[in-house]
Amino acid sequence: MTHTSDKSAVRLRGLSAGYARHTVLHEVTVEVPRAKVTAVVGPNGSGKSTLLGVLAGVITPAAGVVEIGTRRPAFVVQHCAVPTGLPITVWETVAMGRWAHRGAWQRLSKEDKALVGAALERTGITDLASRRLSSLSGGQRQRALLAQAFAQESDLLLLDEPDAGLDSQSRRDIAAAISHAQANGVTVIHVTHDLGEASRADHCLLLQNGRLAAEGDPQTVLQHLRAERMPA
Ligand SMILES: Nc1ncnc2c1ncn2[C@@H]1O[C@H](COP(=O)(O)OP(=O)(O)OP(=O)(O)O)[C@@H](O)[C@H]1O
């Protein structure tokens, strides 16, 4: 992985990646604009989460070049991907976002604690801070994971369907938290099946069968997706 330094936060050239002998992404070449929200859309199994996994550094590309021009990405997985039995509180979950800065066994500084408090506030879960993660609803757990990402103070936020299965108020709150991050210079890459949410992004990527089928202005890309779904 190398680094970009211009108006693109991420640049992929000829990226192929997948699992064992199963190649999922095929020769993806794309640039993601810095300090903007980019929605990633596409059918189930088209490779959206795999793309995030490559950007987060948890999946090693089989071929191609990945250039990331930001500090370490913060990766928010779907709340259902996190074991529900973890014996930790919401505050501890969010404080883990500071480990990259302090190490897991270091005491948190006053500044770290303030950042954890601010992340809890921004995601509307300050009153849940002492609750066990395992006792939360799906939507509350999703907010805690988002708060952990905010506490990392990363310049690149990778979100895998943060709004899936949430009620409309939670979706609005999460959308507002994403906009707030973007307004503060964070590059957001947001995998979503919510086409309304995708249409409000600054930029959009459409994946189909592991290939980039369209990219650019969300309205144009989503028209392309709708046309694919309803052939004339
Ligand atoms: N850990 C894994 N091991 C092997 N194959 C996997 C793994 N994770 C995903 N896949 C396969 O890779 C392909 C792409 O999956 P991926 O999760 O990236 O798609 P997606 O676009 O995010 O789908 P969805 O919209 O359903 O979340 C699918 O065929 C899936 O079965």
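Since this is a predicted model, take the numbers as computed values, not measurements.

Rules used throughout
Residues numbered from 1 in each chain as written. Predicted model: local features only at pLDDT ≥ 70, side-chain atom pairs only at ≥ 80, totals over all residues. Pairing = 2+ DSSP bridges. Helix = DSSP H or I, 4+ residues; strand = E, 2+ residues; numbered from the N terminus. Axes fitted to C-alpha atoms, helices over the stretch in contact; angles between N-to-C directions. Expected span 1.5 Å × (residues − 1). Buried ≥ 20, exposed ≤ 12 C-beta atoms within 10 Å, placed from the backbone. Arc of directions from axis to C-beta. Near = placed C-beta within 6 Å. Nonpolar A, V, L, I, M, F, W, Y, C, P; charged D, E, K, R; others polar.

Even after reading the chapter, I still don't get the sheet that holds strand β2 (residues 22-33), so can you show me in this structure?
Where strands meet in a sheet, backbone hydrogen bonds hold them as pairs that are either parallel or antiparallel. Strand order in this open sheet of 3 strands is β2-β1-β4, and the pairing throughout is antiparallel. At either margin of the open sheet sits one strand with a lone partner, and together these are β2 and β4 (63-68). Across the sheet, the axes of successive neighbouring strands diverge by a mean angle of 20°, strand direction being ignored. Sheet topology note: the strand β1 (residues 8-19)/β2 ladder contains 8 bridges and is antiparallel.

Explain helix α8 (residues 218-229) to me, please; I cannot follow it from the model alone.
What sets the pattern is the α-helix's 3.6 residues per turn: residues three or four places apart point alike. Across its 12 residues, α8 extends 16 Å between first and last C-alpha, which sits within 8% of the 16 Å expected from 1.5 Å per residue. Pro218, Val221 and Leu222 are the residues of α8 that are buried. Buried residues of α8, seen end-on, are gathered within an arc of 95° and therefore sit on one face of the element. Opposite the packed face of α8, turned more than 90 degrees from it, sit the exposed residues Gln219, Thr220, Gln223 and Ala227.

Help me understand helix α1 (residues 48-56) in this model?
Most of α1 sits inside the fold, with 7 of its 9 residues counted as buried. Lys48, Thr50, Leu51, Leu52, Gly53, Val54 and Leu55 are the residues of α1 that are buried. Just downstream of α1 lies Gly57, where phi reads positive at about 85°.

Help me understand the pairing of strand β9 (residues 211-216), please; the structure alone is not making it clear to me.
Where strand β8 (residues 203-208) lies against β9, 5 bridges are found, and the strand directions are antiparallel. Bridging from a neighbouring strand, Leu207 pairs with Leu212 of β9. What sits between β8 and β9 in their antiparallel hairpin is a turn of 2 residues, with Asn209 showing a positive phi close to 50°.

Please clarify how the site of the ligand should be interpreted in this entry.
Inspection of the region around the ligand gives Tyr19, His22, Val24, Gly42, Asn44, Gly45, Ser46, Gly47, Lys48, Ser49 and Thr50 as its neighbouring residues. Of all elements in the fold, only β2 and α1 reach the threshold of two or more residues within the shell around the ligand. If you tally residues by element for the shell around the ligand, the top one is α1, at 3 residues. For the shell around the ligand, the per-class residue count stands at 2 nonpolar, 8 polar and 1 charged.

How do you make sense of the environment of Gln219 when you look at a structure like this?
Residue position: Gln219 is located in helix α8. Distance from Gln219 to Gly97, taken between C-alpha atoms, is 34 Å for residues 122 residues apart in sequence.

What am I meant to see in the sheet that holds β9 here?
Spatially, the 6 strands line up as an open sheet ordered β5-β6-β7-β3-β8-β9, and their pairing is mixed. Only two strands of the sheet have a single partner each, and these edge strands are β5 (74-76) and β9. Each strand of the sheet is rotated relative to its neighbour by a mean of 15°, with strand direction disregarded. Where strand β6 (residues 156-160) meets strand β7 (residues 187-191), 5 bridges bridge the pair, whose relative direction is parallel. Of the residues in β7, the one forming a bridge with Leu159 is His190.

Note that all results are geometric; they support no functional claim without further evidence.
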